[in-house]
Amino acid sequence: MTAVRIDGKAVAAELRGEIAVKVKAFEAYAKRLPGLTVVLVGEDPASEVYVRNKGVQTREAGMVSNEIKLPGTTSQAELLSVVATLNADKSVDGILVQMPLPKQIDTQAIIEAIDPAKDVDGLHPANAGKLNQGIAALTPCTPLGCMILLEKSGVQIAGANAVVIGRSILVGRPVAALLLAANATVTIAHSRTRDLAAVCRQADIVIAAVGKPELVRGDWIKPGAAVIDVGINRVAGENGKTRLIGDVHYASAEQVAGVITPVPGGVGPMTIACLLQNTLTAACYREKIDPKSL
C-alpha cells in the first residue's frame, strides 16, 4: 500500500482563492479592505523570505499589506511601542511579529502586548484560553492548516485516535485542542513519553511537530493512518547544499499510511494561507460580521 500524498500547495492555493472572493464581499459591506501588518526585527534570512512571501500573498488576496522592519538592536521597549501603535491603528486588523526575536527581547511579553483581537498568530493567552474552552477565537495558523488538510483529504476525525507528537504553544497544544473540538480522542506525546513508537501505532491520525528529523519511522505507523508532518528540518545535502526534511521518515511511512503530507509542500504552504484567513476573520469580528456569512 502506498499512501495518498496530500498536496498542501494545491489546498493552500484553493483556500487563498476562496479568501480573495470573501475579501471582495467584506469590502462591499465594510467599505474598506482588511489590513495586515508584519513586524520584522533583525535580518534573519529565512524570516526575510517568509515575510516577503506573506506580503505577496496578502496583496494577491486583495488585502492591505504593510511591513515594518526594525534593526536587530531594537530594544524590547521600542518593539512594545511599535506594537502599541499598531494596536491603536484602526486600519490594522492583524498584527504579526515575526519570530524568532533577538535575545534581548522577551518573546512572551511581545505576544501578550498584542491586542488579542488583532493577534492573527493566535498565540495571545486570551485566544489560547478560548481555543481550549471551545470558544471561537483566532487560532494559530499552522494547527489550523493541519485541520484543513485532514478535512480536505476526507479523513474521519470524529471518533479517531489522534497522537500529537510535540507540546509547543505554536503547534502541539493548539492542534490537540482543535482535534478534541472535532471529537477525536487525543494523546499528546513528547520527549518523556514512554515507548513513543507503541503510542503512535495506536493512532488513526499522527501529527508530528517535535523538530527531530525523521523521528517517526514507517513501523511506527498504523496501516491506513493519516500522517501530518509539521517538521521543517534543514540538514546537509549533496554538494555542500542543504535540504529540508520533516519529522517523519517519508519513504518508509508512505508505504504504510493512508494519506501523508510531504516536506516541503505539505503543511508549510497552509501557514500563510491560514494567516490570510485569520486576518479576514479578525476584520470581520471588528466589523461585527459573521465570517461564515461572506
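Use the structure listed above.
Bear in mind that the values here come from a model prediction, so they are computed numbers and not experimental data.

Reading guide: rules and limits
- Here the residue index of a chain counts from 1 through its sequence in written order.
- A pLDDT threshold of at least 70 governs which residues receive local features in this predicted model, and a stricter bar of 80 or more applies before side-chain atom pairs are shown or counted, although totals over entire chains, interfaces and linings include all residues.
- Side-chain measures were taken over the full set of non-hydrogen atoms in the model, leaving aside hydrogen atoms and water.
- DSSP bridges decide pairing: two strands pair if at least two such bridges lie between them.
- Helix and strand definitions here come from DSSP, where helices need a minimum of 4 consecutive H or I residues and strands a minimum of 2 consecutive E residues; each element is numbered from the N-terminal end.
- Orientation is described by lines fitted to C-alpha atoms, with helices fitted over the stretch in contact, and by angles between N-to-C directions that extend from 0 to 180 degrees.
- Pairs of residues are marked as contacts when any of their non-hydrogen atoms sit within 4.5 Å.
- Definition used for salt bridges: Asp or Glu carboxyl oxygen within 4 Å of a side-chain nitrogen of Lys or Arg.
- We define a polar contact as two N or O atoms separated by no more than 3.5 Å, with the added condition that, inside protein, one atom must be a possible hydrogen donor and the other a possible acceptor, whereas residues neighbouring each other in sequence contribute only through side-chain atom pairs.

Novice: Explain the sheet that holds strand E2 (residues 35-41) here, please?
Specialist: By way of backbone hydrogen bonds, the strands of a sheet pair with one another, either parallel or antiparallel. Ordered in space as E3-E2-E4, the 3 strands form an open sheet in which the pairing is parallel. At either end of the open sheet lies a strand with only one pairing partner, and these are strand E3 (64-70) and strand E4 (94-97). Across this sheet, the average inter-strand angle for adjacent strands is 15 degrees, counted without regard to direction. The strands that helix H2 (residues 45-60) touches are E2, E3 and E4; relative to E3, the one it contacts most, it runs at about 160 degrees.

Novice: Teacher, can you tell me more about the pattern of salt bridges here?
Specialist: Oppositely charged side chains can pair when the atoms bearing their charge come close. Evaluation of the coordinates by the stated rule reveals 5 salt bridges. Note that Arg32 and Glu287 form a salt bridge whose closest N and O atoms lie 2.7 Å from each other. With Arg32 in the loop between helix H1 (8-30) and E2 and Glu287 in the segment after helix H10 (268-286), this pair connects stretches of sequence that are 255 residues apart. Where Asp93 meets Arg286, a salt bridge forms, and the shortest distance between an N and an O atom there is 2.7 Å. Within this pair, whereas Asp93 is found in the loop between helix H3 (76-88) and E4, its partner Arg286 is found in helix H10, the two being separated by 193 residues in sequence.

Novice: Looking at this structure, I do not really get the side chain of Asp229. What am I missing?
Specialist: Residue placement: Asp229 occurs in strand E8 (residues 226-229). Among the polar contacts listed, one links the side chain of Asp229 to the backbone nitrogen of Gly231, at a separation of 3.0 Å. Reaching out from Asp229, the side chain makes a polar contact with the backbone nitrogen of Asp247 at a distance of 2.9 Å. What Asp229 contacts, discounting residues up to four positions off in sequence, is Ala208, Gly246, Asp247, Val248, Thr261, Val263 and Val267.

Nothing here speaks to function; it is geometry throughout.
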